[in-house]
Amino acid sequence: LWQLPLATAGVGAAGLGPSRKGSFLVVGDWGWDPDTHGNIASNACQQEIANKMTAKFNELGDVKFIINVGDSFYPGGVTDKSDPQWQLKWRNMYSKELRSVPWYSVYGNHDYHKDPCACQDLPGACAQVNADDSNLEFFYMPAPNWFKEHPELGLEVIGADCGLKPIRDLSC
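Computed from a predicted model, the values in this text were never measured in an experiment.

Quick question: what am I supposed to make of the packing of aromatic side chains here?
For any two aromatic rings, the description comes down to two numbers: the centre-to-centre distance and the angle of the planes. Inspection of the entire model under this criterion finds 19 aromatic pairs. For the ring pair tryptophan 30 and tryptophan 103, a centre distance of 6.2 Å and an interplane angle of 75° mean the geometry is edge-to-face. Within this pair, whereas tryptophan 30 is found in the loop between strand E2 (20–27) and helix H1 (44–60), its partner tryptophan 103 is found in strand E4 (residues 103–105), the two being separated by 73 residues in sequence. Each member of the pair tryptophan 30 and tryptophan 103 is classed as buried.

So what exactly am I meant to see when it comes to the confidence of the model for the protein here?
Chain-level pLDDT for the protein is 85 on average; 82% of the residues reach the 70-or-more range. No element of the protein has a lower mean pLDDT than strand E1 (residues 2–7), at 52, and none a higher one than E4, at 97. Low pLDDT (under 50) marks residues 8–13, which in the prediction has twelve contacts with non-local residues, meaning those over four places away or in another chain.

I keep staring at the nonpolar core and nothing clicks. Help me out?
The nonpolar side chains of a soluble globular protein tend to be buried with one another. Residues Leu25, Met53, Ile66, Trp90, Tyr94, Leu98 and Trp103 are the most contacted members of the largest nonpolar core, which totals 21 residues. Looking at this core, the elements that each hand over two or more residues are E2, H1, strand E3 (63–68) and helix H2 (85–91). Considering each element in turn, this core owes the most residues, four residues, to H1. Contacts of tryptophan 103, omitting those with residues within four sequence positions, involve Val27, Trp30, Met53, Ile66, Asn68, Trp90, Tyr94, Leu98, Phe139 and Tyr140. Among the nonpolar cores identified, the runner-up in size contains 17 residues, and Phe24, Tyr104, Cys117 and Tyr140 belong to it.

Please clarify how the state of the cysteines should be interpreted in this entry.
As used in these notes, a disulfide is a covalent bond between sulfur atoms, one from each of two cysteines. Applying the stated criterion across every chain yields a total of one disulfide. The disulfide partner of cysteine 117 is cysteine 126, and the S-S distance across this bridge is 2.0 Å. Handedness of the cysteine 117-cysteine 126 disulfide follows from its S-S torsion of about 45°: it is right-handed. The burial state of cysteine 117 is the same as that of cysteine 126; both residues are buried.

Explanation requested: the pattern of salt bridges in the structure shown.
One side chain can pair with another of opposite charge once the charged atoms of both are near each other. Per the counting criterion, the structure on display carries five salt bridges. For aspartate 62, the salt bridge goes to arginine 20, with nearest N and O atoms at 2.7 Å. With a gap of 42 residues between them, aspartate 62 in the loop between H1 and E3 and arginine 20 in strand E2 connect regions that are remote in the sequence. Here glutamate 59 makes a salt bridge to lysine 56, at a shortest N to O gap of 3.3 Å. Here lysine 56 and glutamate 59 lie together in helix H1, a separation of three residues that amounts to about one turn. Residue class for lysine 56 comes out partly exposed when judged on its relative accessible area of 24%.

Looking at this model, I keep getting lost on the side chain of aspartate 115. Mind explaining?
By the secondary structure assignment, aspartate 115 is in the loop between helix H3 (109–112) and strand E5 (146–150). Despite its burial, aspartate 115 pairs with no opposite charge; the closest candidate is lysine 81, at 7.6 Å N-O. If near-sequence neighbours (up to four positions away) are discounted, aspartate 115 is found in contact with Gly76, Val78, Tyr107, Ala125, Cys126, Ala127 and Gln128.

What is the right way to look at the pairing of E3 in this model?
For a regular strand, side-chain orientation follows a simple rule: the groups alternate between the two sheet faces. The buried count for E3 comes to five of six residues, which makes it a mostly enclosed element. Pairing of E2 with E3, which is carried by five bridges, proceeds in the parallel orientation. Each residue of the ladder has a partner; that of phenylalanine 24, found in E3, is phenylalanine 65. Pairing geometry for E3 and E4, over three bridges, is parallel. By the bridge assignment for E4, isoleucine 67 is matched with tyrosine 104. Handedness of the crossover joining E3 and E4 through H2 is recorded here as right-handed.

About the criteria used
- Residues numbered from 1 in each chain as written.
- Predicted model: local features only at pLDDT ≥ 70, side-chain atom pairs only at ≥ 80, totals over all residues.
- Heavy atoms only, no water.
- Phe/Tyr/Trp six-rings, centres within 6.5 Å; stacked < 30°, edge-to-face > 60°.
- Helix = DSSP H or I, 4+ residues; strand = E, 2+ residues; numbered from the N terminus.
- Buried < 20%, exposed > 50% of the residue type's maximum accessible area, 1.4 Å probe, protein only.
- pLDDT = per-residue confidence, 0-100.
- Contact = heavy atoms within 4.5 Å.
- Core = buried A, V, L, I, M, F, W, Y, C linked by side-chain atoms within 4.5 Å.
- Disulfide = S-S within 2.5 Å.
- Salt bridge = Lys/Arg side-chain N within 4 Å of Asp/Glu carboxyl O.
- Lys, Arg positive; Asp, Glu negative; His and termini not counted.
- Pairing = 2+ DSSP bridges.
- Right-handed = clockwise from strand over helix to strand, strands pointing away.

Set out below in structure tokens:
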């Protein structure tokens, strides 16, 4: 779990360094599955990470988004937007506070195996693709490769998928 404050030049309100425009959290490879991770008896580690993220989110008070770097749904991804893993492994695990901001996401290799996106070039076929950053029921990922500008933060977020070709070579 990483957090990075977004700062501007100048002195903050307390006079102690740059004033902040906001912050974001980064998490990746957080997926857990009882059949895949048999040597770990429960999702307690994942829940502890989720709890720490919520605490940091509340401490910072200005988190604008969460960057999710993939491998979210072990062992093989989700099949569509109605897949029960969305509820079981994400919505039930990560607090409503954490899900009150967009989760900017990319696929991990484990996310592709059951996803129709692995063997098609149509982003609309992808189970995790969601181009509406106000739809917080799913991750924000308008395509496997994407960017989003945040002029108010002086920041551009780039999501680059480097794992699709090996998955296609093995699966399609």
